[in-house]
Amino acid sequence: MGRHSKKRQRTADGTGTSNLRPLGSVAALGGGKSEEEDRLENLLFGTTPLLHGNETNEANVDTNGGFGNIMDADLFCIDEPGPSLFNQRVDPRLDRVGSPHGEGELDADSTTSADVAEESTEHLDRLDNTCGPSNSTLGGRLNSRTFAAWADPDDQNVQVSLASDNRLRKLRDGPQEDAIGGRDYETRLRRQYQRVHPAPQWASTARDRLHKKKRRRTSQSSESMSDTEEGITNVLSTSRGLLSSQGRKTLPQGQLSIERLRDANQSAKAEGGIRSVMFHPSPSVPVLLTASADRRLRLFNIDGHTNPHLHSVHIPSLPLTTALFHPTGSSVLITGHRPFYYIYDLQSDACTRSPRGLWGTHAANPDSTELSMETCAFSNTGDFLAVGGRTGNVHIVDWRRGGGQVVGSVKMNAAVKDLGWTEDGKLMSLGEDTQVYIWDVGDRRCIRRWKDDGGFGSMNMALARGNAYLAIGSKTGLVNVYGPDSTKANMSSMPKPLKTIGHLTTSVSSMCFNHDDQILALASKSKKDQLKLVHLPSLTVFANWPASTTPLGHVTSMDFSTGSEYAAIGNNRGRVLLYNVRHFGTV
């Protein structure tokens with residue numbers, strides 16, 4: 001029979017498929033491999049050598065210095081990319097010669113080369129511990145501080161006049177400043193450039209993240225923990241406001257950081273236009289009063305979030321036009337187009353009317369034209385109240401006696417438009433004929449009189465708290481800003497305005513300074529969205545706010561809080577807009 005092609009046949013010597021081994025199997029002992037082949041296989045693949053003859057397990061010991069007993073993780077070293085010394089950008093603010101803070105002082109808000117060097121050195125140390133010894137030369141270069149490439153020693157002897165050139169006047173810190181040195185001139189040029197070209201948002205965000213990481217590392221030390229505990233103890237041991245500033249901070253010109261908050265009177269809206277708004281004079285009492293056309297006085301607790309309504313006082317017999325806190329903060333004076341007034345006591349929650357008219361009864365004086373108390377002002381100590389009449393009379397009321405008794409009067413040549421008190425107790429009055437009077441209340445005499453420059457038809461005036469500035473608004477919208485020489489009684493010359501601001505086109509209705517005289521607010525209720533904020537002492541208007549889309553309406557009254565972190569703006573729609581000026585404090 002012939003052989004089948006697909007059937008396995010037996011051979012005569014008994015050999016067949018039984019001798020075949022699967023791929024990868026280990027051969028039997030003495031399967032033909034020599035000792036040299038096993039040793040080479042052990043060195044190449046790291047396997048256990050087979051025993052030949054009488055060999056013992058001592059053959060597993062590596063006596064030739066191989067890699068058999070070394071872990072795989074120790075055989076390799078991975079190089080990680082480190083920081084490049086040539087890609088680091090040099091910040092011009094780190095220049096010692098041209099530093100905006102003086103020689104050898106660094107800006108806390110900028111990333112310094114020492115900070116970058118510290119992080120780079122830490123990174124290199126981690127690599128050195130893994131791969132080898134550190135490079136001392138590289139570390140020394142990273143720890144070095146970047147210096148200016150060249151400095152002109154003659155800059156110290158240069159004197160630059162800022163008042164002679166119109167383009168350099170914006171570099172002044174005060175209206176009377178003129179000549180400065182070369183180093184100071186360079187610093188102010190850098191500051192002006194940073195105002196015009198501020199840092200981009202992505203750079204500020206990255207810098208803030210870096211500072212947060214550093215503060216987080218610093219807070220882990222015991223010294224920082226003790227400082228934190230001490231700060232918490234100081235906060236809990238006082239009732240002062242947390243937003244009160246410890247010192248004067250210079251407000252930059254050009255751009256104002258401001259944020260709109262919930263309306264101050266949203267919890268109790270007025271049914272008519274707002275006539276007057278005013279913050280409590282004490283920084284520890286965050287209370288705002290509003291007087292509206294519905295003859296109601298409302299008090300609000302200003303916290304920047306909910307602004308809860310505290311109390312309301314309805315006075316049907318008096319059309320409210322003016323509401324003033326007493327300088328001590330204990331009561332509120334409420335006046336209007338009537339010869340009497342109301343006093344609301346904050347402690348007793350009692351609202352009382354004056355026992356009689358300021359100038360007697362109606363029957364005794366029926367033809368009197370002094371039937372209004374809407375123009376009035378307290379002295380800085382609260383001892384006297386000045387009330388302006390329609391025929392040019394200014395009546396002095398002794399407020400210490402509590403009876404509202406007129407103790408004296410002075411006479412102007414025209415109707416009274418506005419009143420104010422200086423720091424030394426002198427009374428200032430503005431007439432309809434643009435004349436400004438300075439009165440000695442004790443002697444009842446005028447000690448100085450001068451005319452507003454231009455004679456545009458004066459409407460009101462605003463006096464800064466430190467007598468540093470005096471602003472006078474007119475019917476045409478022009479506002480003259482004067483220096484401290486305008487309030488001094490011993491000056492005989494006519495003061496000249498520092499600047500005439502013409503950004504309003506209608507009659508100026510309200511003006512006020514903030515607490516440190518760095519902002520002057522101007523408004524007109526005759527036209528919609530007519531409000532401007534002026535930076536002092538540069539006397540320039542902030543360009544970014546208010547914008548064309550800011551819903552101000554017809555502004556009727558405005559005021560700053562005692563720390564200027566809040567700005568309240570009342571309009572004819574019965575709303576009191578509330579804004580947070582971030583330079584003075586965030587909410």
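Keep in mind that this is a model prediction, so the values were computed, not measured.

## Thoughts on the sheet that holds strand S8 (residues 320-325)
Spatial ordering of the open sheet is given by S8-S9-S10-S11, a layout of 4 strands whose pairing is antiparallel. A single partner strand is all that each edge strand has here, and the edge strands are S8 and strand S11 (350-353). Taken over all neighbouring pairs, the strand axes of this sheet differ in orientation by 20 degrees on average, direction set aside. As judged from the 4 bridges shared by strand S10 (residues 342-345) and S11, these two strands associate in the antiparallel manner. Each residue of the ladder has a partner; that of Tyr342, found in S11, is Arg353.

## Comments concerning unusual backbone geometry
Going from Leu536 to Pro537, the amide bond is cis rather than trans, its omega being 10 degrees. Counting through the fold element by element, Pro537 comes out in the loop between strand S26 (531-535) and strand S27 (540-541). Cis geometry is found at the peptide bond from Trp545 to Pro546, where omega equals -5 degrees. Mapped onto the secondary structure, Pro546 falls in the loop between S27 and strand S28 (555-560). If you check the backbone angles, Thr434 has positive phi at about 65 degrees while not being a glycine. Relative to the elements of secondary structure, Thr434 occurs in the loop between strand S17 (427-431) and strand S18 (435-440). Backbone geometry at Leu539 places phi at a positive 60 degrees, although glycine is not the residue there. For Leu539, a relative accessible area of 7% puts it in the buried group.

## Concerning the packing of aromatic side chains
Tallying each qualifying case throughout the model produces 7 aromatic pairs. Here the aromatic rings of Tyr341 and Trp399 are separated by 5.7 Å at their centres, their planes lie at 40 degrees, and the arrangement is tilted. Of this pair, Tyr341 sits in the loop between strand S9 (331-336) and S10 while Trp399 is found in the loop between strand S14 (393-398) and strand S15 (405-411), placing the two residues 58 residues apart along the sequence. Here the two residues Tyr341 and Trp399 agree in accessibility, since each one is buried. Centroid distance Trp545 to Tyr579: 4.9 Å. Interplanar angle 65 degrees. Geometry classified as edge-to-face. Of the two residues, Trp545 sits in the loop between S27 and S28 while Tyr579 sits in strand S30 (residues 576-581), which places them 34 residues apart along the sequence. Pair check on accessibility: Trp545 and Tyr579 agree, each one buried. Here a set of aromatic residues connected by ring pairs shows up, and it is made of Tyr341, Phe378 and Trp399. Between Arg353 and the ring centre of Phe340, over which it is positioned, the NZ or CZ distance is 3.6 Å.

## What to know about the sheet that holds S14
Strand order in the open sheet made by the 4 strands is S12-S13-S14-S15, with antiparallel pairing throughout. Strands with a single pairing partner mark the edges of an open sheet, and in this sheet they are strand S12 (376-378) and S15. Averaged over all neighbouring strand pairs, the angle between strand axes comes to 20 degrees, with direction disregarded. The pairing of S14 with S15 spans 6 bridges and is classified as antiparallel. The residue of S15 that forms the bridge with Val397 is Val406.

Rules used in this analysis
- Residues numbered from 1 in each chain as written.
- Predicted model: local features only at pLDDT ≥ 70, side-chain atom pairs only at ≥ 80, totals over all residues.
- Heavy atoms only, no water.
- Pairing = 2+ DSSP bridges.
- Helix = DSSP H or I, 4+ residues; strand = E, 2+ residues; numbered from the N terminus.
- Axes fitted to C-alpha atoms, helices over the stretch in contact; angles between N-to-C directions.
- Buried < 20%, exposed > 50% of the residue type's maximum accessible area, 1.4 Å probe, protein only.
- Phe/Tyr/Trp six-rings, centres within 6.5 Å; stacked < 30°, edge-to-face > 60°.
- Lys NZ or Arg CZ within 6 Å of the ring centre and 35° of its normal.

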